[in-house]
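Secondary and tertiary structure notes
Below are the chains, spelled out letter by letter.
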Amino acid sequence: MNNEARWIERKIRLGWVALTVGALLAVAGILLRWLVSDLPFNERIVTGVGILFLALGIARLAKYRAARGDREVIRRLTAEERDERTIMIRGRAGYRAYWASAALAYALLMWLSFADNGSLPQLSGNALWYAMAGVVLGPMVVYIGSITADSAHL
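Remarks on the overall build of the chain
From N to C terminus, the chain includes 5 helices and 0 strands. Start at the N end of the chain and walk to the C end: the helices and strands fall as α-α-α-α-α. Taken over the C-alpha trace, the chain has a radius of gyration of 21 Å; the compact-globule value for 154 residues is 15 Å, which it surpasses by more than 25%. By its C-alpha atoms, the chain is 65 × 50 × 20 Å across when sized along the principal axes. When each of the 154 residues of the chain is scored for burial, the buried share is 23%. A fraction of 68% describes how many contacts in the chain between residues 6 or more apart in sequence connect residues 24 or more apart. Per element, the accessible surface of the chain, about 10700 Å² overall, is 67% carbon and sulfur. Positive and negative charge centroids in the chain, built from 18 and 12 side chains respectively, lie 4 Å apart.

Right, here's the structure in full:
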């Protein structure tokens, strides 16, 4: 078995691991709801993380299992993932996403500080949750947008 085939098999194995972990977490989240009545956290969090891992596992398996038998597709995938241009684009996108996350987190911290001071309105539980979701999702959007834009222009 050559290096590319081992690389594909490793990616497929990681897909199965993500799929298994996701299924276990999703089932655990569902069972927690029925088995334990007074959890100190919302059991849907466990189910949500399970669904995330399920989606990651399915995406990885769909991508790499299709390439498993075709040597040309394997070569193309390995070349794409190890390509210096692609690595540079991902690095730039990660840099931009980091600064976006830092700016969003700083803005949220400043809002909370000014709200404690009375200068801005307090964030309720739901508003704070949405603000934190924005701190997580905003950099993802910046990362994906940056990869898309740089791929078209570089």
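Here the narrative resumes, following the displayed structure.
Considerations on the environment of Leu52
As for its position among the elements, Leu52 is in helix α2 (residues 44-65). For Leu52, a relative accessible area of 48% puts it in the partly exposed group.

Here we look at the packing of helix α3 (residues 71-82) against helix α4 (residues 84-117)
Their axes nearest at 5 Å, the elements α3 and α4 cross at an angle of 45°. Here α3 is positioned oblique relative to α4, judged by the angle of their axes. Where α3 approaches α4, its residues Glu80, Glu81 and Arg82 are matched on the opposing element by Glu84, Thr86, Ile87 and Arg90. Here the contact of α3 with α4 is composed, by residue class, of 1 nonpolar, 1 polar and 5 charged.

Section: the confidence of the model for the chain
Confidence in the prediction for the chain averages 89 pLDDT; 99% of positions are at 70 or higher. Mean pLDDT in the chain bottoms out at α3, which sits at 78, and peaks at α4, which reaches 94.

Some details on a nonpolar patch on the surface
A contiguous nonpolar patch, built from Val27, Ile30, Leu31, Trp34, Leu35 and Val36 and spanning about 620 Å² of accessible area, is present on the exposed surface. Looking at the element boundaries, Val27 is found in helix α1 (residues 3-35). The class of Val27 is partly exposed, set by a relative accessible area of 46%.

Quick look at the packing of aromatic side chains
Taken as a whole and assessed by the stated rule, the structure comprises 4 aromatic pairs. Centre to centre, the rings of Tyr95 and Trp99 are 6.3 Å apart; their planes meet at 75°, and the pair counts as edge-to-face. Remark: Trp99 and Tyr95 occur in helix α4; sequence separation between them is 4 residues, near one turn of the helix. By relative accessible area, Tyr95 is classed as exposed at 54%. Trp99 sits in the partly exposed class, given a relative accessible area of 47%. Between Trp129 and Tyr130, the aromatic rings sit 5.2 Å apart at their centres with planes inclined by 85°, giving edge-to-face as the arrangement.

Some details on the environment of Pro40
As for its position among the elements, Pro40 is in the loop between α1 and α2. Its relative accessible area of 80% is what places Pro40 among the exposed residues. In this structure the C-alpha to C-alpha distance between Pro40 and Ile144, which are 104 residues apart in sequence, comes to 35 Å.

What counts, and where the lines are drawn
Residues numbered from 1 in each chain as written. Predicted model: local features only at pLDDT ≥ 70, side-chain atom pairs only at ≥ 80, totals over all residues. Heavy atoms only, no water. Helix = DSSP H or I, 4+ residues; strand = E, 2+ residues; numbered from the N terminus. Rg over C-alpha atoms; globule rule 2.2 N^0.38 Å. Buried < 20%, exposed > 50% of the residue type's maximum accessible area, 1.4 Å probe, protein only. Contact = heavy atoms within 4.5 Å. Areas by Shrake-Rupley, 256 points an atom, 1.4 Å probe, with all protein chains shown as cover. Lys, Arg positive; Asp, Glu negative; His and termini not counted. Charge placed at Lys NZ, Arg CZ, Asp CG, Glu CD. Axes fitted to C-alpha atoms, helices over the stretch in contact; angles between N-to-C directions. Parallel < 35°, antiparallel > 145°, perpendicular 65-115°, else oblique. Nonpolar A, V, L, I, M, F, W, Y, C, P; charged D, E, K, R; others polar. pLDDT = per-residue confidence, 0-100. Patch = residues over 30% accessible without salt bridge, like charges linked within 9 Å, V, L, I, M, F, W, Y side chains within 5 Å. Salt bridge = Lys/Arg side-chain N within 4 Å of Asp/Glu carboxyl O. Phe/Tyr/Trp six-rings, centres within 6.5 Å; stacked < 30°, edge-to-face > 60°.

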